[in-house]
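The lines below spell out each chain.
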Amino acid sequence: MANGGNLEASIDRLLNEEKQMRLAENVAGTRKAATEILQLCFEAKDWKLLNEQILNLSKKRGQLKQAVQSMVQQAMQYIDQTPDIETKIELIKTLNNVSAGKIYVEIERARLTRKLAKIKEDQGQIAEAADLMQEVAVETFGAMAKTEKIAFILEQVRLCLDRQDYVRAQILSRKINPRVFDADTKKDKKKPKEGENIVEEAPADIPTLLELKRIYYELMIRYYSHNNEYLEICRSYKAIYDIPSVKENPEQWIPVLRKICWFLVLAPYDPMQSSLLNATLEDKNLSEIPDFKILLKQVVTMEVIQWTALWNKYKDEFEKEKSLVGGSLGDKAGEDLKLRIIEHNILVVSKYYSRITLKRLAELLCLSIEEAEKHLSEMVVSKALIAKIDRPSGIVCFQIAKDSNEILNSWAVNLEKLLDLVEKSCHQIHKETMVHKAVLRS
């Protein structure tokens, strides 16, 4: 086939054969003739002719679906053997044009799009790569393997995060239900019934479900870090921590558990944060990092924490996070940590005092009066606690103001309790009197 004339003659012969088979609706013959034409072009290294023949054959009148599918699948094997990047892009674009709008080659089109996006990304064109990937909605592909679908969507999310398109990243991430990662992969696959779509096997380079779980939560950490959503970051790290391969290796779970502890302390107080905090304290692995166990116990215990002493103790550990898995805790993490300790101390004071002077509150918090008032006001606005400040007299009241109905109801309840006690006392006195009378008579 080194001779150009021989190549053209061979292709013409195969084209005639392909036509006869196509008109006779012979699937195997049409497929064989079409793939042989592509093989001849590939062996001759005539990439331009290969692209022309792919387009030509796919546009033939009444072309069989199976023939188009075989051509696309065969041509995809040639992509990695192209001599340069321009030839590779041209071949991918040709195959994309052929497979556009054809549901029977939708999986091949998705894989081609991913290859093209990877090339664009390697060339530094992140936005173009992200736009290309978003054109494909793999969640609607019934024949695509579950792991391949998840891997494709995760790639879409990653590219959106790389281009800092956080809104679209969130929308795409919601296409994946986190429960899918907890499915039992060891169960035997059911054989498809007659008429059901046959699900293809995922390619060898697609990660396993548990590897995809880790990738998913690492991307979610990147997304939540953008808005400093500490509790959601903590939950993502908790999901990574629960992966069996992570839990079995101390080198992996210790840095992750450290992150869980930090983000629990950084997260604002709410019922979910409190629940996670107590669950983490019960984890036996926490004894391997005793400093963090002490930190969590301090936050749980209703006692005032001295910020200066705490920071001096944990400053080195805080800086150490930069060199561990997941990197630093964020630009605002140091400020937010101090804020959380102040909020904790205000909650502690509100538990022990019904009324306190602003001056004394500021002393307990190690802050100026103005700062103490500011933080207290912010907590009241966020409904973390109920308090009122009498600014002229400088007194903070943590008691809940009752309306007249509540006061009357409490009085009524108290009177009812009092009357019950009086009745019981009278009954006991009468009983004792009767017992003594009976003794005297006898």
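Now for a description of the structure that goes with this document. Owing to the predicted nature of the structure, the values given are computational and were not obtained by experimental measurement.

## Focus on the overall build of the protein
- Secondary structure summary: the protein contains 20 helices and 3 strands in total.
- Taking 22 Å as the expected radius of gyration for a compact globule of 442 residues, we find that the protein reaches 36 Å, considerably beyond that expectation.
- Burial analysis of the protein (442 residues in total) assigns 40% to the buried set.
- Taking the intrachain contacts of the protein between residues at least 6 apart in sequence as the baseline, contacts between residues at least 24 apart amount to 62%.
- When the accessible surface of the protein is summed, it comes to about 26,300 Å², and 51% of that surface belongs to carbon and sulfur atoms.

## Some words on the packing of aromatic side chains
- As enumerated under the stated definition, the model contains 13 aromatic pairs in all.
- Look at W262 and F292: their rings are 5.4 Å apart centre to centre, the planes differ by 90°, and that puts the pair in the edge-to-face class. Here W262, found in helix α13 (residues 250–266), pairs with F292, found in helix α15 (residues 290–300); they are 30 residues apart in sequence, far enough to count as distant.
- Residue W262 is classed as buried on the basis of its relative accessible area of 1%.
- Here the aromatic residues W262, F292, W307, W311, Y314 and F318 are joined through ring pairs into a cluster of three or more.
- Over the face of the ring belonging to F42 we find K45, whose NZ or CZ atom lies 4.1 Å from the ring centre.

## Regarding the layout of surface pockets
- In this model, the second largest pocket occupies a volume close to 610 Å³.
- Y269, M302, E343, H344 and L347 are, among the 26 residues lining the second largest pocket, the residues nearest its centre.
- Sorting the residues of the lining of the second largest pocket by element identifies α13, α14 (271–281), α15 and α17 (333–352) as the ones contributing at least two each.

## A closer look at the sheet that holds strand β2 (residues 388–390)
- Overall, antiparallel pairing links the 3 strands, which are arranged β1-β3-β2 in an open sheet. At either margin of the open sheet sits one strand with a lone partner, and together these are β1 (355–357) and β2. When the angles between neighbouring strand axes are averaged without regard to direction, this sheet yields 25°.
- Where β1 and strand β3 (residues 395–397) come together, 3 bridges link them in antiparallel fashion. Within the sheet, the bridge partner assigned to I356 lies in β3 and is V396.
- Running at roughly 80° to β1, helix α18 (residues 358–365) makes contact with β1, β2 and β3 of the sheet.

## A few points about the pattern of salt bridges
- Scanning the model with the defined rule gives 24 salt bridges in all.
- In this structure, E319 engages K322 in a salt bridge whose closest nitrogen and oxygen atoms are separated by 3.1 Å.
- Given a relative accessible area of 38%, E319 falls into the partly exposed group.
- One continuous salt-bridge network, built from bridges that share partners, spans R114, E121, E155, R158, D162 and R222.

## What to know about unusual backbone geometry
- If you check the backbone angles, E25 has positive phi at about 55° while not being a glycine.
- With respect to the helices, strands and loops of the structure, E25 is situated in the loop between α1 (4–23) and α2 (27–43).
- The class for E25 is exposed, based on a relative accessible area of 61%.
- Unlike most non-glycine residues, K45 shows phi in positive territory, near 60°.

## Structural notes on the side chain of T87
- Considering the arrangement of structural elements, one finds T87 in helix α5 (residues 85–99).
- The class of T87 is buried, set by a relative accessible area of 16%.
- Sequence-distant contacts of T87, defined by excluding residues within four places in its chain, comprise W47 and T82.

Calculation rules
Residues numbered from 1 in each chain as written. Predicted model: local features only at pLDDT ≥ 70, side-chain atom pairs only at ≥ 80, totals over all residues. Heavy atoms only, no water. Helix = DSSP H or I, 4+ residues; strand = E, 2+ residues; numbered from the N terminus. Rg over C-alpha atoms; globule rule 2.2 N^0.38 Å. Buried < 20%, exposed > 50% of the residue type's maximum accessible area, 1.4 Å probe, protein only. Contact = heavy atoms within 4.5 Å. Areas by Shrake-Rupley, 256 points an atom, 1.4 Å probe, with all protein chains shown as cover. Phe/Tyr/Trp six-rings, centres within 6.5 Å; stacked < 30°, edge-to-face > 60°. Lys NZ or Arg CZ within 6 Å of the ring centre and 35° of its normal. 1 Å grid on protein atoms, 1.4 Å probe; cavity = no way out; pocket = protein on both sides within 12 Å on 5 of 7 lines; lining within 4 Å. Points joined across faces, edges and corners; volume = space filled by probe spheres on them. Pairing = 2+ DSSP bridges. Axes fitted to C-alpha atoms, helices over the stretch in contact; angles between N-to-C directions. Salt bridge = Lys/Arg side-chain N within 4 Å of Asp/Glu carboxyl O.

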